[in-house]
Amino acid sequence: MSETIFSKIINREIAADIVFENDRILAFRDINPQAPVHVLVIPKKPIPTINAIDPEDVALIGELFIAARQIAAEEGIDESGYRTVFNCNRDGGQEVYHLHLHLLGGRAMQWPPG
Ligand code: DGP
């Protein structure tokens, strides 16, 4: 599997502003934030896209949301609200092929998305 920039963040080969970590998950601030709070929550396991999620990953995917919920509370956006997004492949706007959950908040989100 090809290495991505996120593998390098996991391996501490490049720096990131890390806000959460456990054995399975890492979360860090997006380098190009689209909201006052923009955190990427990623599995350490290198799953390229939603399409590659395996049934054995079900608990891991759930843990991404548990981490996102905790980070939202720590960032003070749990009550005001936030958006979580997985982009998938070209039309989904995915640029980094290591599964990541965007956690966006601190401003009102638009719907529908562009
Ligand atoms: P997506 O388009 O869903 O694949 O989102 C990729 C996000 O990753 C994008 O919002 C910018 C962010 N990103 C890309 N490279 C880096 C990096 O080196 N560091 C950090 N912190 N974020 C990055």
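As the structure is a prediction and not an experimental result, all values here were calculated from the model. (Residues numbered from 1 in each chain as written. Predicted model: local features only at pLDDT ≥ 70, side-chain atom pairs only at ≥ 80, totals over all residues. Heavy atoms only, no water.)

Q: Mind showing me how you'd approach the pairing of strand E1 (residues 18-21) here?
A: In the sheet, E1 pairs with strand E2 (residues 25-29) via three bridges, with the strands oriented antiparallel. Each bridged residue has a counterpart across the sheet, and for phenylalanine 20 the counterpart in E2 is alanine 27. (Pairing = 2+ DSSP bridges. Helix = DSSP H or I, 4+ residues; strand = E, 2+ residues; numbered from the N terminus.)

Q: I would appreciate a short explanation of the site of the ligand in the present structure.
A: Near the ligand you find 16 residues, and of these Asp30, Gly93, Glu95, His100 and His102 are the closest. Here aspartate 30 contributes a side-chain N or O atom positioned 2.5 Å from an oxygen atom of the ligand. Its free accessible area being 510 Å², the ligand has 85% of it covered by the protein chains. At the level of secondary structure, the elements contributing two or more residues to the shell around the ligand comprise helix H1 (5-10) and E2. Here the shell around the ligand gets three residues from one element, more than from any other, and that element is H1. Classifying every residue of the shell around the ligand by side-chain character gives eight nonpolar, five polar and three charged. (Near = heavy atom within 4 Å. Polar contact = N/O pair within 3.5 Å; in protein donor to acceptor, adjacent residues only side chain to side chain. Areas by Shrake-Rupley, 256 points an atom, 1.4 Å probe, with all protein chains shown as cover. Nonpolar A, V, L, I, M, F, W, Y, C, P; charged D, E, K, R; others polar.)

Q: Which parts of the structure should I look at to understand the packing of aromatic side chains?
A: Centre distance and the angle of the planes are the two values used to describe a pair of aromatic rings. Scanning all chains against the criterion turns up two aromatic pairs. Pairing phenylalanine 6 with phenylalanine 28 gives two aromatic rings, centres 5.3 Å apart and planes at 75°, and the pair type is edge-to-face. Here phenylalanine 28 lies in strand E2 and phenylalanine 6 lies in helix H1, a separation of 22 residues in the sequence. On the basis of relative accessibility, which here comes to 6%, the residue phenylalanine 6 falls in the buried class. Note on phenylalanine 28: relative accessible area 2%, which makes it buried. Ring geometry for phenylalanine 65 and phenylalanine 86: centres 6.0 Å apart, planes at 75°, overall edge-to-face. Note that phenylalanine 65 is positioned in helix H2 (residues 58-75) and phenylalanine 86 in the loop between strand E4 (82-85) and helix H3 (89-92), a separation of 21 residues in sequence. (Phe/Tyr/Trp six-rings, centres within 6.5 Å; stacked < 30°, edge-to-face > 60°. Buried < 20%, exposed > 50% of the residue type's maximum accessible area, 1.4 Å probe, protein only.)

Q: When you look at the sheet that holds strand E3 (residues 37-43) in this model, what are you seeing that I'm missing?
A: Across a sheet, paired strands are connected by hydrogen bonds in the backbone, their directions being either parallel or antiparallel. Reading across the sheet, the five strands line up as E1-E2-E3-E5-E4 and stay open at both edges, with antiparallel pairing between neighbours. The open sheet has two edge strands with one neighbour each: E1 and E4. Adjacent strand axes in the sheet meet at a mean angle of 20°, parallel and antiparallel pairs treated alike. With five bridges connecting them, E3 and strand E5 (residues 101-105) associate as antiparallel partners. Within the sheet, the bridge partner assigned to valine 39 lies in E5 and is leucine 103. Across the sheet, H2 lies against E1, E2, E3, E4 and E5, angled at about 155° from E3, the strand it touches most. (Axes fitted to C-alpha atoms, helices over the stretch in contact; angles between N-to-C directions. Contact = heavy atoms within 4.5 Å.)

Q: Help me out: how do you make sense of the nonpolar core in this one?
A: A general trend in soluble globular proteins is that nonpolar side chains are found buried together. In this structure, Ile25, Val39, Val41, Leu64 and Ile71 are the most contacted members of the largest nonpolar core, which totals 18 residues. Only E2, E3, H2 and E5 provide two or more residues apiece to this core. Examining the composition of this core, we find that seven residues originate from one element, H2, more than from any other. Once residues within four sequence positions are removed from consideration, valine 39 is found in contact with Val19, Ala27, Phe28, Arg29, Asp30, Ile71, Leu101, His102 and Leu103. Counting residues in hydrophobic clusters, the runner-up holds eight residues, among them Ile9, Ile10, Ile42 and Val96. (Core = buried A, V, L, I, M, F, W, Y, C linked by side-chain atoms within 4.5 Å.)

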